[in-house]
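What the coordinates show
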Amino acid sequence: MSTTLPNDLWDYVIQFIPALCLKDMISVNRYFFNLAMDYRYRQISFTYLNERMLWMLVRLKCAVSSLLLYSTLTARRDPAVSYRVRTIYIYPDFLKEEVYARQPVRVRGSNSRDRSDILRYKLFLKTGKCCLPVEFLMEWMQDVLSSLPNVVNYHITWAGLPDLLENPATLLLTIFKTAPIQLLTVTISLQNIRTLDMCAFGWLHNLQELQILLQHDNGLSLTDSGTLCRLASAIKSVRKTLKSLAVESWGPIHLSELLARIDRLPHLEKLLVTLPVNDVQLGDPSCLSAFLDLHCDSLRVLALRAEEHVEAGPSNVPSEPFFLDHWLQEALQGVVLSKVQSLEINACRILPETCIACIQTFAPSLTSLSLTGQHQSVQFIDQVISTFSERDEQGLEYLRLGSVTLNPRLVDLLAEKLPGLQRLTLQVKDLKPSSPPSPPDTFQSLSRYELRQERLETFFSEMETRRYPDWHLRHVELVLSMEEAEFWQTHVEALLAECVPSIRSFG
């Protein structure tokens, strides 16, 4: 009689196994072997030069030869380790001059056998310096990166590394030719972006998500036309497949000029834009309007953030404090995006009035709203929800707010004005009743702990009397950032489950 269980049953079993334990179950059976190997090698990183990194390079490219060197480690080795890699993080700290010895070992060549044999050498001195030649390591890594056929997520960080023995630009782009990359994030400084071959982005025939984070170099500007032209060229190279674009900056950038240089992206569904707060370098607001109008048929998700960048030097003239808000309202005036379903606003540096104006612009078609970045009062949330009151069709299905003070008035408001809400996420700063639990003259006689306990007891007492049978809420996610958050999380979830019978799960 066969004792082999179907994979569907094993799929059910692994739901109860913590992810960190899967890699230790490699010897259970063939199913767990493949599962553990996938978990162990699905995500790798090349950052700091050490024996662990060299061992990973051997596993990826020299698995057969290395069996002779690490027999105890490779008794169950899968010869196709490279096919399991799905995500790569790379940060070229391994090219810093200070990590290499002045007298490197002599390596016969750069083929697979020689690369595995190098592990016989004493590769690191007591000082931690590597004895391998940097040229050998570069050639080896290029060979490895070009032999990973199933990488779909690729994350590059190249900033804050001024003293490198070799320019890693070519190395970083090697994988573009061979891997079906779908998600690419590039965190890079201005000085380094000038050395990248933007034509290489044309090799990314499967790219769907592109995230670019620009870091500001001292003495350099992110506003020169040459840099903006290179960025626009890279984005236009992947226009045929790109669905999500995020452009963020840790320094001033001529946002309008960059957007004006980008052609229509026919499949763009999500756009995230970081706006500088204290800079007149936002440029012409009509450029943002034109870019949004250009993608009105495809855009489904719009995310807006605001960041404050401080520059040193005589040219740093503070801008008018309400400049961004006036600019943003002007940019969105007259914009009609009838197919935008989700709006995400980080309101940390955006005025409440401007947030309301943005929400009103897109409210007719929204089914999802995320409003985070600052503490939000019940009065402000009431204003936000009121923008959806004129809709005849179904209103919001998902709402994320944070941070908030959870009290019965807020729950009453959400249940009354958003009866069709399906999912709710709240970043909770505190729990408070609708009214003070004790008369003001008794505050001085109570300690801080006693006041807090009385406030929490009153909150639970008020909520226990409430029921919301007409609220269709099905999923709630609470993120508590208060004292004893883990303890109170369980009690608040149990309380809401009693008050809202329709809730089926908590996240």
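About the thresholds
Residues numbered from 1 in each chain as written. Predicted model: local features only at pLDDT ≥ 70, side-chain atom pairs only at ≥ 80, totals over all residues. Heavy atoms only, no water. Helix = DSSP H or I, 4+ residues; strand = E, 2+ residues; numbered from the N terminus. Buried < 20%, exposed > 50% of the residue type's maximum accessible area, 1.4 Å probe, protein only. Contact = heavy atoms within 4.5 Å. Areas by Shrake-Rupley, 256 points an atom, 1.4 Å probe, with all protein chains shown as cover. Core = buried A, V, L, I, M, F, W, Y, C linked by side-chain atoms within 4.5 Å. Salt bridge = Lys/Arg side-chain N within 4 Å of Asp/Glu carboxyl O. Axes fitted to C-alpha atoms, helices over the stretch in contact; angles between N-to-C directions. Parallel < 35°, antiparallel > 145°, perpendicular 65-115°, else oblique. Left-handed = near helix turned anticlockwise from the far one by under 90°. Nonpolar A, V, L, I, M, F, W, Y, C, P; charged D, E, K, R; others polar. Expected span 1.5 Å × (residues − 1). Arc of directions from axis to C-beta. Polar contact = N/O pair within 3.5 Å; in protein donor to acceptor, adjacent residues only side chain to side chain. pLDDT = per-residue confidence, 0-100. Disulfide = S-S within 2.5 Å. Pairing = 2+ DSSP bridges. Phe/Tyr/Trp six-rings, centres within 6.5 Å; stacked < 30°, edge-to-face > 60°.

The name an unreviewed UniProt entry gives the protein chain is F-box domain-containing protein, with Amanita muscaria as the organism.

The next thing to look at is the overall build of the protein chain. Within the protein chain, the secondary structure is distributed over 18 helices and 14 strands. Classification of the 507 residues of the protein chain by burial places 49% in the buried group. Across the protein chain, contacts joining residues at least 24 apart in sequence account for 82% of those joining residues at least 6 apart. A total accessible area of about 25,500 Å² is found for the protein chain, and carbon and sulfur atoms account for 50% of it.

Below, the discussion takes up the nonpolar core. The biggest cluster of nonpolar side chains holds 151 residues, and the ones touching the most others in it are Phe46 and Leu184. Among the elements that make up this core, the one with the highest residue count is helix 7 (residues 134-145) (8 residues). Leaving out residues up to four positions away in the same chain, Phe46 has contacts with Met53, Met56, Leu57, Leu60, Ile88, Tyr89, Ile90, Tyr91, Phe94, Met141 and Leu145. Core analysis: the next-biggest nonpolar cluster, separate from the first, contains 6 residues, Trp10, Ile17, Leu22 and Tyr31 among them.

A few words on the pattern of salt bridges. Evaluated as defined, the whole model comprises 9 salt bridges. Salt-bridge contacts for Glu98 lead to Lys96; the nearest nitrogen and oxygen are separated by 3.4 Å. Glu98 gets classed as exposed once you look at its relative accessible area, which sits at 54%. For Arg452, the salt bridge identified is with Glu484, shortest N-O distance 3.8 Å. Taken as a pair, Arg452 in helix 17 (residues 448-464) and Glu484 in the loop between strand 13 (475-480) and helix 18 (485-499) lie far apart in primary sequence, 32 residues in all.

This part takes up the packing of helix 14 (residues 352-362) against helix 15 (residues 378-386). Relative orientation of the contacting elements helix 14 and helix 15 amounts to 20°, with a least axis distance of 9 Å. The pairing of helix 14 with helix 15 is recorded here as roughly parallel in orientation. Classified by chirality, the crossing of helix 15 by helix 14 is right-handed. Counting all contacts with helix 14, which are made through Pro352, Cys355, Ile356 and Ile359, the residues of helix 15 involved are Phe380, Gln383 and Val384. Split by residue class, the contact of helix 14 with helix 15 holds 6 nonpolar, 1 polar and no charged.

In this section: the side chain of Ser298. When you line up the elements, Ser298 lands in the loop between helix 12 (285-294) and strand 8 (301-307). Overall, Ser298 belongs to the buried group, its relative accessible area being 10%. Sequence-distant contacts of Ser298, that is, excluding residues within four places in its chain, are made with Leu265, Pro266, His267, Leu268 and Glu269.

Look at helix 13 (residues 323-332) against helix 14: their axes get within 10 Å of each other, and the N-to-C directions meet at 10°. Viewed along their axes, helix 13 and helix 14 adopt a mutual orientation that is roughly parallel. In this structure, helix 13 uses Asp325, Leu328, Gln329 and Leu332 to contact helix 14, whose residues at the interface are Thr354, Ala357, Cys358, Thr361 and Phe362.

What follows concerns helix 18. In this model helix 18 runs 21 Å from its N-terminal to its C-terminal C-alpha over 15 residues, within 8% of the 21 Å that 1.5 Å per residue would give. When we look at burial in helix 18, the residues that qualify are Ala485, Trp488, Gln489, Val492, Glu493, Leu495, Leu496 and Cys499. Each buried residue of helix 18 sits inside an arc of 165° when the element is viewed along its axis, so together they form one side. Exposed and oriented more than 90 degrees from the buried face of helix 18 are Glu486 and Thr490. If you follow the buried residues of helix 18, they end up packed against strand 11 (398-406), strand 12 (423-431), helix 17, strand 13 and strand 14 (505-506).

Glancing now at helix 16 (residues 408-417). Every buried residue of helix 16 is listed here: Pro408, Leu410, Val411, Leu413, Leu414 and Ala415. On its buried side, helix 16 packs onto helix 15, strand 11, strand 12 and helix 17. With a side-chain oxygen positioned 3.1 Å from the backbone nitrogen of Arg409, the residue opening helix 16 is Asn407.

Moving on: the confidence of the model for the protein chain. Per-residue pLDDT for the protein chain has a mean of 83; in total, 83% of the residues score no lower than 70. Looking over the protein chain, one finds the lowest element-wise mean pLDDT in helix 5 (residues 63-66), namely 37, and the highest in strand 2 (residues 87-90), namely 97. Below pLDDT 50 for its whole length, residues 312-318 participates in 2 contacts with residues either more than four positions away or in separate chains.

Moving on to the state of the cysteines. Within this structure, the stated rule accounts for 0 disulfides. Left without a disulfide partner, Cys358 is nearest to the cysteine sulfur of Cys355, which lies 6.5 Å away.

Here we take up the pairing of strand 3 (residues 153-158). Bridge count for strand 2 against strand 3 is 4 bridges, and the pairing is parallel. When the sheet's bridge partners are listed, Ile90 is paired in strand 3 with Ile156. The pairing of strand 3 with strand 4 (residues 183-189) spans 6 bridges and is parallel. Following the sheet pairing, Asn153 is matched in strand 4 by Leu183.

Bringing the pairing of strand 6 (residues 244-250) into the picture now. A regular strand places its side chains on the two faces of the sheet in alternate fashion. Along strand 6, 5 of the 7 residues are buried, which leaves the element largely enclosed by surrounding structure. Here strand 5 (residues 209-215) runs beside strand 6; their pairing, made up of 7 bridges, is parallel. Counterpart to Gln211 in the pairing with strand 6 is Ala246. Judged from the 4 bridges that link them, strand 6 and strand 7 (residues 270-276) form a sheet pairing that is parallel. Bridged to Val247 within strand 7 is Val273.

The next thing to look at is the packing of aromatic side chains. Scanning the model with the defined rule gives 8 aromatic pairs in all. Considering the side-chain rings of Phe487 and Trp488, the 5.0 Å spacing of their centres and the 80° angle between planes classify their relative orientation as edge-to-face. On the basis of relative accessible area, Phe487 is assigned to the partly exposed category, the value being 44%. For Trp488, a relative accessible area of 10% translates into the label buried.

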